Every structure is written in structure tokens, then in C-alpha cells.
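Now for the letters of each chain:
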Amino acid sequence: MPVLGVIDPGNTAWVLASSALVLFMTPGLAFFYGGMVRAKNVLAMLMQNFFSMGLVSVLWAALAYSLAFSGDGKWIGNLDLAWMRDVATVSPTGFDLSIPPLAFMAFQLMFAIITPALITGALADRMKFSAWFWFLGIWLILVYTPVAHWVFSPAGWLFRRGALDFAGGTVVHINAGIAALAVVVVLGKRRGWPRHPMPPHMLPWTLLGAGVLWFGWFGFNAGSALAADGIAAQAFVNTNMAAAAAMLGWLLFERIRGGHATTLGAASGAVAGLVAITPCAGYVGGMAPIYIGLIAGALCYFACSIKFRFGYDDALDVVGVHLVGGIVGSLLLGFFADAAFNPAVTHEGVFVSGGSWELMGDQLIAVGATILWSGVVTLVIVKVLDLVMPGGVRVSEEDEETGLDLTQHSEVGYSLERV
Amino acid sequence: MKLIVGIIKPFKVDDVKDAVKDLGVQGLTVSDVQGFGRQRGHTEVYRGAEYTIDFVPKVRIEILVDDGDVDRVAQRLIDTARTGKIGDGKVWVIPVEQAWRIRTGESGTDAL
């Protein structure tokens with residue numbers, strides 16, 4: 001069993017601070033999404049995200065952390081660290097940590113909280129809260145845990161192959177993005193979509209949420225260095241540059257095609273850039289994050305209109321931003337990964353002198369495997385829940401019309417009416 | 001008695017209120033409403049997707065007047081609310097059978 005190395009106070013401080021930053025992203029995401037739904041569903045959207053902090057935390061302590069990070073199985077971990085046994089004293093398998101294992105456990109927990117929360121954007125306005133409860137728990141164990149093990153654990157098969165994912169391009173974004181698509185396939189469209197307009201009810205929330213996400217993402221990416229070192233600083237700068245460039249990329253195409261630079265476009269572009277830089281954050285440098293951001297901003301802008309062509313109601317564009325952004329980032333890493341910025345890069349990207357297509361092959365396998373596993377298993381989970389739960393996973397037509405805030409939570413978001 | 005009902009552009013509300021007050025109108029009621037006429041709606045763009053919003057915000061103004069004042073008040077309302085551009089709104093008049101002032105119990109034109 002791996003035992004503790006020397007604890008570095010600086011590294012520990014940064015990872016603990018980063019954990020708090022990443023936790024803050026989930027309420028940030030809640031407001032990013034919450035502003036985009038209709039006023040009658042704002043609380044339901046906030047609640048689905050907020051609730052993830054509750055349920056996932058408990059499941060993480062009981063089971064999921066151990067399944068993801070303990071044991072040397074290629075496909076899934078073991079239960080040695082389940083029920084919080086030995087978590088404080090035993091390192092996760094394959095990591096040579098300079099921080100307390102509990103700091104690692106807490107940091108990884110925050111990723112497990114936000115990943116399923118990302119899915120809520122797709123299923124907005126029509127899923128029962130009870131269905132979300134069951135889906136969240138089952139998805140965490142059956143989808144998030146194995147994929148995190150494959151990619152993040154040195155024992156996992158994708159990690160062993162040499163696929164690179166600095167902070168979760170596959171584990172977090174592609175995983176949630178494809179799951180979002182699978183959920184809406186079973187769930188169906190919102191009543192009246194796309195015939196009736198369902199414009200965002202409060203874009204200021206969305207801008208605020210995007211700002212919180214950007215802020216928290218420094219913990220997400222730079223914290224993934226698991227140390228307060230040069231790689232963390234590189235990841236920090238890369239994160240900011242990619243978000244900035246992607247905002248410009250999105251707005252540029254929006255201006256050319258639609259005539260206006262919109263606030264929703266600025267927020268969405270920034271998030272698309274943050275998604276795309278996530279797998280690359282500690283493996284690239286120089287101008288690469290800016291190129292990655294520009295490409296991601298432009299491609300995600302165009303990707304958001306695909307749903308109208310294929311007729312799937314991914315309400316808040318989880319596919320367009322997270323699936324597409326995650327794929328863009330994971331594959332661009334095959335071009336830009338550079339050992340000059342991180343010695344962990346053993347096969348450099350195509351655009352780096354001395355680089356090859358070797359890494360790209362592993363990146364494609366990692367992307368494909370995540371899409372396949374998450375897509376198929378999510379589809380099965382939602383389908384089974386829909387059959388097992390009385391009345392299915394979707395609210396009644398009347399409840400959907402009334403709004404989820406009142407029907408699922410017996411509350412309203414805004415009581416501004418005077419009569 | 002008649003009830004003058006006007007659907008007007010929201011930014012004209014204050015002008016109309018002041019103009020009819022000058023004619024001696026003692027009270028009126030306004031409410032925020034939405035609808036469409038020849039102006040149709042407007043277009044909003046979210047993440048590249050265009051939405052046509054069919055209903056435009058307007059203000060509904062209701063003024064209860066004596067039969068003899070109808071034309072004067074309605075005409076002043078129309079003149080004040082007009083911009084000459086599409087979407088200026090409409091005015092119509094409805095006969096009113098009876099009216100009471102709740103506080104005093106007065107009825108008919110005394111209640112106006």
C-alpha cells in the first residue's frame with residue numbers, strides 16, 4: 001500500500017485553496033444556467049446544481065473516491081478507501097503526493113460535484129427533481145467514477161496508454177457533454193420547442209455565473225498541478241488566455257453573422273475557452289492557449305446551432321459548449337503538447353518541433369472511449385429510470401407549463417407581483 | 001358615460017396623462033399589457049438562434065368620461081400619443097351603463 005511522502009506546506013495550501021475555488025464553480029454554474037432558463041424554472045435549475053454539492057459529497061466519502069483512486073485495476077478501483085477508511089493516511093494509488101491525501105480527496109471531490117451538474121443545462125425545465133436525485137447518484141457511480149479512474153488514476157488504462165488530460169477535458173467535459181445528449185434523447189423536447197421562443201429570463205445572472213466560473217477555473221486547472229510550482233503558474237496563465245481568446249472568437253463570428261456582440265455570447269465564449277483549455281492547461285504554453293481559445297470560441301459558436309438541425313432540445317447548449325469544447329481541447333493537445341512546459345509530456349504534439357502523431361492517437365482513443373462509455377451507460381440509466389419511476393422521469397405537461405419551481409419545490413424564485 | 005380605452009407606446013404615458021389632466025379629467029387607470037398589431041413583434045438573438053417575439057409591450061390607459069367629453073378627450077389622447085411611426089397603438093370607446101364612487105355612494109356623472 002502506498003504510504004505518505006513528505007508534506008509540502010506551500011503545495012498543500014494551494015491545493016486546499018484550489019479545492020474551495022472549484023467548489024465555488026458549482027454555484028457559479030447554477031447562476032450561469034439559472035439566468036438562461038425561464039423565470040418559472042430558475043429555482044429548479046439552481047437546486048439541481050446546488051444539490052450536487054450535497055449528494056455527491058456523501059457518495060464520494062462512502063464509495064466513489066475509493067472506486068476512482070484506490071487499487072491498481074485498469075478499469076475500476078477497489079473499495080479499500082471506502083467509507084472514509086484510511087483516507088487520511090493512505091495515498092491514492094500511483095500518486096507520489098506532497099500534500100495530505102485528504103487534500104487530494106477534497107480536490108477531486110469538487111470535480112465530481114461539478115461534472116454531473118454540467119448536465120443540468122441540457123435537461124432544463126422538464127425533469128422531475130426525484131428523477132434528478134436518482135440519476136445524479138447512479139451516474140456518479142456508474143459513469144463518473146470509472147472514467148475518472150481510467151484517465152486520472154495512474155492505474156487506469158487510458159492513463160497507462162499515455163493519453164493526456166491535465167484537468168478533465170475527457171473526464172469532466174466530454175463526459176458530461178455526451179451524457180447531456182443521451183439524457184435529452186430519452187427526455188424529449190421542452191413543450192413548444194423550438195416553435196415557441198424561450199429566451200433567457202435574466203442574463204445578468206448568466207454573466208455573474210460565467211465570471212464565477214472563470215474565477216473558480218484557476219483552481220480547477222492550476223490546482224490540477226497538485227503543487228504550487230511553475231506548471232501551476234503556466235496552467236493559471238493558460239486558463240486566463242484561453243478564456244479571453246475564446247470570448248473574442250465567439251463575439252467575432254457572432255458580430256459577422258448576427259450583427260450584434262451579445263452578453264450571452266461573451267459569457268458562452270469565455271466558458272467554451274475554459275472548457276477547451278482544461279485538458280491542455282499544464283501541457284502547453286506560449287501563444288498556444290490563445291490559439292486554442294480562438295478556435296474553441298469559433299467552433300462552439302457554430303456548434304450551438306446544430307441542435308436546431310437535428311431537433312434535439314439541449315436547452316442550454318451543454319453539447320455545443322462542453323462536448324464540442326472538450327473534444328476541441330483534447331484533440332488540440334495532440335498538436336500543442338510541449339515537453340518544454342511539462343516533462344510529463346513524453347510524446348510531443350504535431351506542431352512542436354520533434355513532435356509526432358503518437359499523442360494524437362492516444363487522445364482520439366481517450367475521447368472515443370469516454371463518448372462511448374458515457375453515452376451508452378447514460379442512455380441506459382435514464383431509460384431504466386424512465387421505466388421504473390411512476391410516471392417516468394419527466395414532469396406532467398401541466399406541471400411543465402406551471403413551472404418546476406412551484407411543482408417540484410413549492411416555491412417561486414421571484415415574488416414581485418403586487419396583487 | 002363612456003369608457004375610453006387606449007393602447008399606447010409606453011414612453012408616451014406621462015405625456016398623455018398630463019394632456020388629459022389639462023382637459024379636466026379627474027382620474028384614469030393604466031396597466032402594462034402586451035400584444036401585436038401591424039407593428040408585429042421584434043427579433044432577439046440568443047447564441048445565434050433568432051427568436052421572434054410576437055408580443056410587444058404597450059400600456060393600456062382607461063378613462064371614464066361623460067358623453068359630452070368623449071371626442072375632446074379621445075382626440076387629445078390621440079394627438080399626444082401619436083409619433084407617426086408604426087406601433088402607435090389604438091383607441092376605442094365603450095358605452096358604460098352605470099358607475100359608482102365607492103366612498104360616497106354617488107352614481108352616474110357625479111361619480112366621475
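Right above here is the structure, for reference.
This is a predicted model, so every value here is computed, not measured. Residue positions are given per chain, counted from 1 along the sequence in the order it is written. Chain A is the first chain written and ligand 1 is the first ligand written, with later ones labelled in order. pLDDT decides what is reported in this predicted model: residues at 70 or higher carry local features, side-chain atom pairs at 80 or more are listed and counted, and totals for whole chains, interfaces and linings draw on all residues regardless.

**Re the overall build of chain B**
The test is simple: Under the DSSP-based scheme used, a helix requires at least four consecutive residues in state H or I and a strand at least two consecutive residues in state E, with every element numbered from the N terminus. Two things to know: the radius of gyration comes from C-alpha atoms, and the globule rule equals 2.2 Å times the number of residues to the power 0.38. In this description, any two residues whose backbone-derived C-beta atoms lie within 7 Å of each other are considered to be in contact.
Along its length, chain B carries two helices and six strands. In terms of overall size, chain B is more extended than a compact globule, its C-alpha atoms giving a radius of gyration of 17 Å where 112 residues would be expected to give roughly 13 Å. Within chain B, residue pairs in contact and separated by at least 24 positions form 69% of the contacts whose partners lie at least 6 positions apart.

**A closer look at the packing of helix α3 (residues 101-119) of chain A against helix α4 (residues 129-152) of chain A**
Residue and element names in this part refer to chain A. The criterion, for reference: Geometry is summarised by axes, namely lines fitted to C-alpha atoms with helices restricted to the contacting stretch, and by angles between N-to-C directions that run from 0 to 180 degrees. Just so you know how the angles are binned, under 35 degrees is roughly parallel, over 145 roughly antiparallel, 65 to 115 roughly perpendicular, and the rest oblique. Take the far helix as your reference; a near helix turned counterclockwise from it by less than a right angle gives a left-handed crossing, and one turned clockwise gives a right-handed crossing.
Running from N to C, α3 and α4 cross one another at 115°; their axes reach a closest spacing of 11 Å. By the criterion of interaxial angle, the relationship of α3 to α4 is roughly perpendicular. Classified by chirality, the crossing of α4 by α3 is right-handed. Where α3 approaches α4, its residues A112, T115 and P116 are matched on the opposing element by L136, W139, L140 and Y144.

**Things to note about the interface of chain A and chain B**
Rules: By the convention adopted, Pro, Cys, Tyr, Trp, Phe, Met, Ile, Leu, Val and Ala count as nonpolar, Lys, Arg, Asp and Glu as charged, and the other residues, Gly among them, as polar.
Each side of the interface is counted separately: chain A has 16 residues, and chain B has nine residues. Looking at the side of chain A that touches chain B, the elements that each hand over two or more residues are α8 (230-258) and α9 (263-277) of chain A. By residue class, the composition of the side of chain A that touches chain B is seven nonpolar, six polar and three charged.

**Quick look at the sheet that holds strand β6 (residues 89-95) of chain B**
Residues and elements named next belong to chain B. Selection rule: Here, a strand pair is defined by DSSP locating no fewer than two bridges between the strands.
The antiparallel open sheet is built from four strands, whose spatial order is β2-β5-β1-β6. Each edge of the sheet is formed by a strand with only one pairing partner; in this case those strands are β2 (29-35) and β6. On average, each strand axis in the sheet is inclined to that of its neighbour by 20°, with strand direction left out of account. Direction of pairing for strand β1 (residues 2-8) relative to β6: antiparallel, over a ladder of seven bridges. Residue pairing across strands places I7 opposite K90, the latter belonging to β6. The strands touched by helix α1 (residues 13-22) within the sheet are β1, β2 and β5 (56-65), with β5 carrying the most contacts at an inclination of about 10°. In the packing of helix α2 (residues 70-81) onto the sheet, the strands contacted are β1, β5 and β6, and the crossing angle to β1 comes to about 5°.

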